[in-house]
Amino acid sequence: MATRDPRWVLKDRPSFALIIGLVLTGICALVSFSFDVFNGAPVQFFIALALALAPVPLLLAAVLALDRMEPEPRSNLIFAFAWGAGVAVLVAGVINSLNLHYIIDTAQLSEASARNIAATFGAPVVEETMKGLVLLGLLRFRRAELDGPTDGVIYASMVGLGFAMSENVSYYLGALSTSGVKGLAVTVVLRGILSPLAHPLFTSMIGVGVAYAAQRSGPERVSYVLAGWSGAMILHGLWNGLASYGGFPGLVVAYLVLLVVLVVLIGVVFKDRRRIVALIQRYLPPYEPTKLVTQADVYMLSAFSRRRQARQWARAYGGKRGVRAMRDYQLAATELGLLHERAARHMVDEHDFHEEQRALLECMSTARADFPVPSMHTRSVARGSPPPGYAPGAPGAPG
């Protein structure tokens, strides 16, 4: 008999440390926004805040669309976004301001020249370090959540989106205060429309490095982290430098560089998806004797389109309960394949492996018990044939 809800292995229970962390990031965000309010009229601040918030739901949806194969815990994603929007922005803003004044005082440069130098050589180091700290925290305390480069990209994008949102408030407010509506419009187009993914792309270099480090042990882990951090700083500095010194041609080159990086990262994500599918096809068939996995299940789990088809089938015959059971089954089965990979890489000890394995199998069993089975197909399902619509094209599926 189960001693606890079998979905515990899929649940995202906020810990005390997470709650404290969210409170801290919230305070930092309020302090950062307070500086913006003091630097401009309250009405202008709320206009800037609304414009900065406007694209966030769409951008979050685009990032989370990459996270469908093995969704990350919501609390981790929320904390990463909050860290970027609060702690990272506040600390980076203070250090960048100090660096700017230091350059002006020591080099006797104009404020415009000092800003260009600080933006090109100082800000990338400070900002990518502050954003990257949350990824290092995941590597240290939640290493099991980093199952591949896709996870690194997801977490990096979340912290980058949070950072960009808060930073845009300052930029929009400054443009509105100094150049009026026209300046605000130009800034919104450049930052909010043409380059909303700049910060997520910069920090994704760290995310990929940290994710590769999580899959390995020994001194080489440090080299992956340093490589990712260096890549993020270089890309960020190149972007700022081209924008500061290159004029319009520089902006064109900067956008082309970001486009290339975006295409490469999308390729990395798709390659990682194929890796996860290969794990499912390798590790799940041995569980067929348990009756929790069939050839039709493996077939269904091996493509997004077939997973979606199975959820639609579950909703059509079982409503909300049916689709919830299907989602649980798909996630638990995917996690089971990833668990075997972590064990093969010696990332989890034998005791933890068997405990999580039992929990995942229990969750799959409970989910299958809630699968809707139309009465007309009860006999065929009992013989091991998937019902029509569950996994069309699978071995044993009705033609």
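As named in an unreviewed UniProt entry, the protein is RsiW-degrading membrane proteinase PrsW (M82 family), taken from Nonomuraea fuscirosea.

Relative to the helices and strands, Asp-272 is located in helix H9 (residues 247-283). The buried category is assigned to Asp-272, whose relative accessible area is 5%. Sequence separation of Asp-272 and Ala-92 is 180 residues, and the distance between their C-alpha atoms is 32 Å. Excluding residues within four positions of it along the chain, Asp-272 makes contact with Gly-148, Pro-149 and Thr-150.

A separate point is the packing of aromatic side chains. The full count for this structure, using the stated rule, is 10 aromatic pairs. Through successive ring pairs, a cluster of aromatic residues spans Trp-313, Tyr-317, Tyr-329, Phe-371 and Tyr-390. Directly above the aromatic system of Phe-304 lies the positively charged group of Arg-68, at a separation of 4.3 Å from the ring centroid. A cation sits over an aromatic face here: Lys-131 above Phe-163, 5.2 Å from the ring centre.

Take unusual backbone geometry next. Despite not being glycine, Lys-291 has its phi angle at roughly 70°, a positive value. The residue Lys-291 is located in the loop between H9 and helix H10 (295-301) in this model. Positive phi is not limited to glycine here, since His-346 has a value of about 60°. Note on His-346: relative accessible area 73%, which makes it exposed.

Here the focus is the packing of helix H5 (residues 111-141) against helix H8 (residues 220-245). In the contact formed by H5 and H8, the axes pass within 9 Å of each other and the chain directions differ by 150°. Viewed along their axes, H5 and H8 adopt a mutual orientation that is roughly antiparallel. Seen along the crossing, H5 lies across H8 with a hand that is right-handed. Class assignment of the residues belonging to the contact of H5 with H8 gives a composition of 12 nonpolar, 9 polar and 3 charged.

Core analysis: the largest hydrophobic core is formed by 46 residues, its most contacted members being Trp-83, Leu-135, Leu-139, Leu-146, Tyr-155, Val-169 and Val-210. Contributions of two or more residues to this core are made by helix H1 (16-39), helix H2 (42-53), helix H3 (56-64), helix H4 (74-107), H5, helix H6 (149-193), helix H7 (198-214) and H8. Looking at this core element by element, the count peaks at 14 residues for H6. Among all residues touching Val-210, those that are not within four sequence positions of it are Leu-135, Leu-136, Leu-139, Leu-146 and Val-225. In terms of nonpolar packing, the next biggest core, distinct from the first, is built from 37 residues, Tyr-287, Phe-304, Ala-314 and Val-348 among them.

Split by domain assignment, the protein resolves into domain 1 (16-270) and domain 2 (291-370). The C-alpha centroid of domain 2 is placed 34 Å from the C-alpha centroid of domain 1. Taken together, the contact between domain 1 and domain 2 spans 9 residues of the former and 10 residues of the latter. With both sides pooled, the region where domain 1 packs onto domain 2 buries about 1000 Å², and carbon together with sulfur makes up 56% of that total. Our count for the contact surface shared by domain 1 and domain 2 stands at 1 salt bridge. When the shortest N-O distance is used, the salt bridge between Arg-342 and Asp-147 registers 2.8 Å. Taken together, the connections running from domain 1 to domain 2 amount to 3 residue pairs in polar contact (both at pLDDT 80 or more). Looking at the side of domain 1 that touches domain 2, its residues break down into 4 nonpolar, 1 polar and 4 charged.

How each quantity is defined
Residues numbered from 1 in each chain as written. Predicted model: local features only at pLDDT ≥ 70, side-chain atom pairs only at ≥ 80, totals over all residues. Heavy atoms only, no water. Helix = DSSP H or I, 4+ residues; strand = E, 2+ residues; numbered from the N terminus. Buried < 20%, exposed > 50% of the residue type's maximum accessible area, 1.4 Å probe, protein only. Contact = heavy atoms within 4.5 Å. Phe/Tyr/Trp six-rings, centres within 6.5 Å; stacked < 30°, edge-to-face > 60°. Lys NZ or Arg CZ within 6 Å of the ring centre and 35° of its normal. Axes fitted to C-alpha atoms, helices over the stretch in contact; angles between N-to-C directions. Parallel < 35°, antiparallel > 145°, perpendicular 65-115°, else oblique. Left-handed = near helix turned anticlockwise from the far one by under 90°. Nonpolar A, V, L, I, M, F, W, Y, C, P; charged D, E, K, R; others polar. Core = buried A, V, L, I, M, F, W, Y, C linked by side-chain atoms within 4.5 Å. Domains from an automatic or database assignment. Buried area = accessible area lost by both parts, 1.4 Å probe. Salt bridge = Lys/Arg side-chain N within 4 Å of Asp/Glu carboxyl O. Polar contact = N/O pair within 3.5 Å; in protein donor to acceptor, adjacent residues only side chain to side chain.

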